[in-house]
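These are the residues of each chain, in order.
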Amino acid sequence: MSAPDRLVCRPQEPAELLIRGAHVLDPRAGLDAPHDVLVRAGEIAELGDPGTLEAPAGAEVIDGAGRHLFPGFVDPHVHLRTPGQEHKEDLDSGTRSAAAGGFVAVVAMPNTDPTVDCAPVLRSLREAARREARVPVGFLASVTRGLQGDALTEMAELRGDGALGFTDDGKPVYRAAMLRRALQYQRLCGGVLALHEEDPSLSGNGVMHEGEVSARLGLGGIPSISESTMIARDAAIAGYEGGRIHIQHLSARESVAAVAEAKARGVRITAEASPHHLTLTDAAVPVALDTRLKMNPPLRSEDDRQAIIGGLLDGTIDCVATDHAPHAREEKEVPWEEAPMGTTGLETAFAALYTELVLPGVLGLGLVVEKLTAGGALFDLPVPQIAVGRPADLCLADLAAEWEVGEAGYESRSENCCFAGRRLRGRVLATVAAGAVAYRQRTFSVVGAA
Amino acid sequence: MRHLLSIEDLDRAGIERILDRAKSFTEVSEREVKKVPALRGRRVLNLFYEASTRTRSSFELAAKTLSAEVINFAAGGSSVEKGESLKDTVQTLSAYRPDLIVIRTPHVGAAALVAGWTDAAVVNAGDGKHEHPTQALLDVYTLRERLGSLDGAKIWIVGDVTHSRVARSNVLAFTKLGAAVTVCGPPTLIPRGFEALGCSVEYTLDRLGEADVVYALRMQRERMTDSFVPSLREYAAVYQIDGRRLGARQVLMHPGPVNRGVELAAEVIDSPQAVIGQQVAAGVVVRMAVLYELLAGRGAPDRRPDPSIPAPQLA
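Since we're looking at a predicted model, the values are computed, not measured.

### Focus: the overall build of chain B
When its secondary structure is counted, chain B shows nine helices and nine strands. Scaling as 2.2 N^0.38, a compact globule of 315 residues should have a C-alpha radius of gyration of about 20 Å, and chain B matches this with 21 Å. For chain B, the spread of C-alpha atoms along the three principal axes comes to 80 × 45 × 35 Å. Counting only residues that meet the buried cut, chain B has 46% of its 315 residues in that class. Contacts spanning at least 24 positions in sequence make up 73% of the contacts within chain B whose residues lie at least 6 apart.

Right under this line is the structure:
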């Protein structure tokens, strides 16, 4: 089977760029010091001590002094809502939002309308991304047709047409036998199965984490075991079949334990956690029942949050994923129980983690950068690295900049960000994705062209 | 106090102030002309998204007794059925310039949302399974009349706690006034973590004898379909308050409407310990006091002129 380009993007002008004196932090490349970084024709051409590199004619010069330069982030879990729900997000707005958050590649979920469950839909979506996407986008196809859980998609054809992998995200693959078939079929076509883990019979009519807050509010609770029991089940099936699975958006202590246990047994399993589960808890919900805080899985307890941080530290959790889930204002401006699940996250991921976890000393900046860049690896995509000869995938950030989320609107078409109104530190100033400048903060000016 | 959305909006002194005023209003109901002009010229909008007999009618009676104008808006047969959102409905009805909106909805937090969308004062008359603060106030009123004080009283709330907004508001109100509250019911119908409201939890009626007050909750028939209880028969066998279980000195309460033969046996409903009728009667005076608290002595809501409406031109 010939593999097409897994990521697609609109054609861009390759960057000619000299970033002077920024503090380059790339744990994988072993870089943690100020450098000059020269980008020529979209590739990292040279690294030098600060002030040592000269800008070639026509190159743009960016003053990086006092700023940080990271390898660009990769988000393995976003909802671009296309096709069918373009009033929430489209390929252009979604990838602009990604670039504004320092992301140089994103992986889009297939729970669209229609579902990405057959080759024609996938092909037309990839065609559209070649015209509209500001940063490279990869697409997952669904495991089952129409996310209905009762018939496999044509996985081999979908892989041949560029599907990075498969997921029924938004829903679990509820029937164990269906997941087993998909894992058997994976031997033919490859492609990791990304799993939204939830037992609908346990979640019931739940709309937030089951605990003291839901008891007080009279809201139906989603218990932690709704997630963790399905992870344990699916890890057992994957282990039995030798298949490869990725667990999406871990939210509970029991879930982290289930993944750690499976890893220890040698199951081919990876896992992600989202910035909101790492920084917020259900205690934030009752203040105003702000529906921007309603997502699935829900914000859980402080104990769960600590367990997820622990999972990131000990390697149980491989990467950070935003689960960027835009919804229109009128869809969210309704009572809590009526509101759809989801928060946007691309534009706030770095700042939220930096402010809530790095500044208080809970996580090292290097670890955060590593987990924000690791998301592509689980789909066998190259991990961005600041090294000579590599494509320029870069994120320039000002760690001292303080801003209020939403103060100047969002690049995303939707504004349902769970961090809205919070003051955060750390602002992405510019993003170079696959060798081209994908984002520049509006108020951020360059030194000038040489 | 600008709105009454939750019992948490009130401290003990605030609750007592409302109850004292309610007490002073009882005299009005005994007059030949049951009306006082306290809220003359004020508009009260009843916005009910759920069926209600006593709550809606007692708010209406309370408002009219205080000489306010009342508009009733029931969700059935209105634009809501044509898909109008809660926000649009509230903003549309706000054009009638109500001074106060009484709202009941099946959704947690809806009253608080409405408070953010209107200039009027808002009274939560039940928001999903969250709260029903005026029910709690009238229950406290009834108990105060009966016991004199709630300080040190042991109150058992028995039944389907999970689906009960009355249970939530009442645990908060009873404890604020110094009572010790125990909730008791099937383990499937008491939410995990409910103790955080400040009550203790029991699963059997074995120690019901300790209670000074037994507050039975309504057991809805549809709970059986979700296997919360295997059958109403078994529920009644374990949790029904009957003549055998209710002690002679215990006070019996129920928010109504009662399922005879399910949560309560017929003999206790009609017993002298039951204050169910007094609860209903208290509903009117307590709601008068709440309306008075929120409206009297305060000017009409501060409204900026709507720029889309041209100012009247004087010739």
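### Some points on the overall build of chain A
A tally of helices and strands in chain A yields 13 helices and 19 strands. Projected onto its principal axes, the C-alpha positions of chain A cover 65 × 55 × 45 Å. For chain A, the residues scored as buried account for 60% of the 450 residues in total. For chain A, long-range pairs separated by at least 24 residues make up 77% of all intrachain contacts whose partners lie at least 6 apart in sequence.

### Topic: the domain arrangement of chain A
Residue and element names in this part refer to chain A. Each domain of chain A was delimited in the assignment, giving domain 1 (17–69 + 390–449) and domain 2 (72–379). Here domain 1 and domain 2 have C-alpha centroids that lie 27 Å from each other. Taken together, the 31 residues of domain 1 in the interface contact 42 residues of domain 2. Per element, the largest residue contribution to the side of domain 1 that touches domain 2 is eight residues, and it comes from strand 17 (residues 423–433).

### Looking at the environment of G283 of chain B
All names here are of chain B. With respect to the helices and strands, the residue G283 is situated in helix 9 (residues 276–295). A residue is classified by how many C-beta atoms lie within 10 Å of it, and G283, with 26 of them, is buried. Taking the C-alpha atoms as reference, G283 lies 17 Å from L217; in sequence the two are 66 residues apart. Ignoring anything within four residues of it in the chain, the contact list for G283 reads R54, S58 and L138.

### A short note on unusual backbone geometry
All names here are of chain A. Of note, the bond from D113 into P114 is cis; its omega dihedral lies within 30 degrees of zero at 5°. Secondary-structure assignment places P114 in the loop between strand 7 (103–108) and helix 2 (119–132). The amide bond that connects N296 to the next residue, P297, takes the cis arrangement and shows omega of -5°. One non-glycine residue with positive phi stands out, namely R81, at about 60°. Checked against the element boundaries, R81 lands in the loop between strand 6 (73–78) and helix 1 (91–100). Residue classification places R81 among the buried positions, given that 27 C-beta atoms sit within 10 Å. Phi at D380 takes a positive value of approximately 60°, unusual for a residue other than glycine. Counting through the fold element by element, D380 comes out in the loop between helix 13 (365–373) and strand 16 (394–404).

### Topic: the interface of chain B and chain A
Contacts between the two partners involve 21 residues from chain B, matched on the other side by 19 residues from chain A. Taken together, the elements giving at least two residues each to the side of chain B that touches chain A come down to helix 3 (86–94), helix 4 (110–117) and helix 6 (165–176) of chain B. Here the residues of the side of chain B that touches chain A sort into nine nonpolar, seven polar and five charged.

### Some details on the sheet that holds strand 5 (residues 154–158) of chain B
Residues and elements named next belong to chain B. If you trace the five strands from one edge of the open sheet to the other, you get 7-6-5-8-9, paired in parallel fashion. At either end of the open sheet lies a strand with only one pairing partner, and these are strand 7 (200–202) and strand 9 (251–253). Strand-to-strand, the axes of this sheet are offset by a mean angle of 25°, without reference to chain direction. Across three bridges, strand 8 (residues 213–216) lies against strand 9 in parallel orientation. Bridge pairing links Y215 to M253 in strand 9.

### Examining the domain arrangement of chain B
In many reports, interface size means the accessible area that the parts give up when they come together. Residue and element names in this part refer to chain B. If you check the domain split of chain B, you get domain 1 (7–131 + 283–295) and domain 2 (133–279). Domain 1 and domain 2 are separated by 25 Å when their C-alpha centres are compared. Class assignment for the residues of the side of domain 1 that touches domain 2 results in nine nonpolar, five polar and six charged.

### Here we look at the pairing of strand 1 (residues 17–26) of chain A
Residues and elements named next belong to chain A. Buried residues dominate strand 1, accounting for ten of its ten residues. One ladder, built from eight bridges, connects strand 1 with strand 2 (residues 31–40); its direction is antiparallel. By the bridge assignment, L25 is partnered in strand 2 with D32. Hairpin connection from strand 1 to strand 2: four residues lie between these consecutive antiparallel strands, with G30 at a positive phi of about 70°. The pairing of strand 1 with strand 4 (residues 60–63) spans four bridges and is parallel. Across the sheet, residue L18 finds its bridge partner in strand 4, namely V61. The pairing of strand 1 with strand 5 (residues 68–71) spans two bridges and is parallel. Looking at strand 5, one finds that V24 is bridged to L69.

### Structural notes on the environment of L246 of chain B
All names here are of chain B. Residue position: L246 is located in the loop between helix 7 (232–239) and strand 9. A C-alpha to C-alpha distance of 45 Å links L246 and R42, two positions 204 residues apart in sequence. Not counting residues within four places of it along the chain, the set of residues in contact with L246 comprises V214, I241, L252, V268 and Q273.

### As for the sheet that holds strand 14 (residues 268–273) of chain A
The sheet built from eight strands is open, its strands ordered 6-7-8-9-10-13-14-15 (chain A) with parallel pairing. Looking at which strands have only one partner, the edges of the open sheet turn out to be strand 6 and strand 15 (319–320) of chain A.

### Section: helix 9 of chain B
Residues and elements named next belong to chain B. Here helix 9 contains 20 residues, and its C-alpha end-to-end distance of 29 Å stays within 8% of the 28 Å for a straight helix at 1.5 Å per residue. Within helix 9, the axis deviates most sharply at G283, by approximately 30°. Burial runs high along helix 9: 15 of the 20 residues are buried.

### What to know about helix 8 (residues 253–264) of chain A
Residue and element names in this part refer to chain A. Its twelve residues place the ends of helix 8 17 Å apart at the C-alpha level, agreeing with the 16 Å of an ideal helix rising 1.5 Å per residue. Listed in full, the buried residues belonging to helix 8 are R253, E254, S255, V256, A258, V259 and A262. Among the structural elements, helix 7 (224–241), strand 13 (244–247), strand 14 and helix 10 (302–314) are those in contact with the buried residues of helix 8. Positive backbone phi, approximately 90°, marks G266, located one or two places after helix 8.

### A closer look at the packing of helix 5 (residues 133–147) of chain B against helix 9 of chain B
Residues and elements named next belong to chain B. It is the contact of helix 5 with helix 9, at a shortest axis distance of 8 Å, that shows an interaxial angle of 115°. Helix 9 is crossed by helix 5, and the crossing has right-handed handedness. Judged by residue contacts, T134, L137, L138, D139, Y141, T142 and E145 of helix 5 engage Q278, Q279, A282, G283, V286, R287 and V290 from helix 9. Along the lines of polarity and charge, the residues of the contact of helix 5 with helix 9 split into six nonpolar, five polar and three charged.

### A closer look at the nonpolar core
Among the nonpolar cores identified, the biggest contains 230 residues, and V135 and V432 of chain A together with I157 and L291 of chain B are the most heavily contacted of them. In terms of residue count, helix 9 of chain B provides more of this core than any other element does, eleven residues in total. Not counting chain neighbours up to four residues away, the residues in contact with L291 of chain B comprise L39, V44, A62, A63, L66, A68 and L100 of chain B.

### Structural notes on the packing of helix 12 (residues 349–358) of chain A against helix 13 of chain A
Residue and element names in this part refer to chain A. Where helix 12 meets helix 13, the axes come as close as 11 Å, and the angle between the chain directions of the two elements is 150°. Considering the angle they form, helix 12 stands roughly antiparallel to helix 13. At the point where helix 12 passes helix 13, the crossing takes the right-handed sense. Taken together, the residues of helix 13 that come into contact with helix 12 (itself represented by A349, F350, L353, Y354, L357 and V358) are L365, V368 and L372.

Cut-off values and rules
- Sequence order as written defines residue numbering, which begins from 1 separately in each chain.
- Starting at A for chains and at 1 for ligands, labels are handed out in the order in which the entities are written.
- Residue-level local features of this predicted model are given only where pLDDT is at least 70; pairs of side-chain atoms are given and counted only at 80 or more, and the full residue set underlies all totals for whole chains, interfaces and linings.
- Only DSSP runs of H or I covering at least 4 residues are called helices, and only runs of E covering at least 2 are called strands; the numbering of each starts at the N terminus.
- Taken over C-alpha atoms, the radius of gyration is set against a globule rule of 2.2 Å times the number of residues to the power 0.38.
- In this scheme every C-beta is placed from the backbone, and a residue whose C-beta has 20 or more other C-beta atoms within 10 Å is buried, one with 12 or fewer is exposed, and one in between is partly exposed.
- Two residues form a contact once the distance between their C-beta atoms, set from the backbone, is within 7 Å.
- Domain ranges listed in this record stem from an automatic or a database domain assignment.
- Classes in brief: Ala, Val, Leu, Ile, Met, Phe, Trp, Tyr, Cys and Pro nonpolar; Asp, Glu, Lys and Arg charged; the others, Gly included, polar.
- In this scheme, strands are said to pair when DSSP sees at least two bridges between them.
- Axis lines are fitted through C-alpha atoms, for helices just across the contact stretch, and the angle between N-to-C directions can take any value from 0 to 180 degrees.
- What a helix is expected to span follows from its residue count: subtract one and scale by 1.5 Å.
- At every residue, the bend is computed as the angle between two fitted axes, covering the seven residues ending there and the seven beginning there respectively.
- Take the far helix as the reference: if the near one is turned anticlockwise from it by less than a right angle, the crossing is left-handed, and if turned clockwise, right-handed.
- Throughout this description, the term nonpolar core refers to a group of buried Ala, Val, Leu, Ile, Met, Phe, Trp, Tyr and Cys residues whose C-beta atoms join them within 7 Å.
- Put simply, angles under 35 degrees are roughly parallel, angles over 145 are roughly antiparallel, angles from 65 to 115 are roughly perpendicular, and the rest are oblique.

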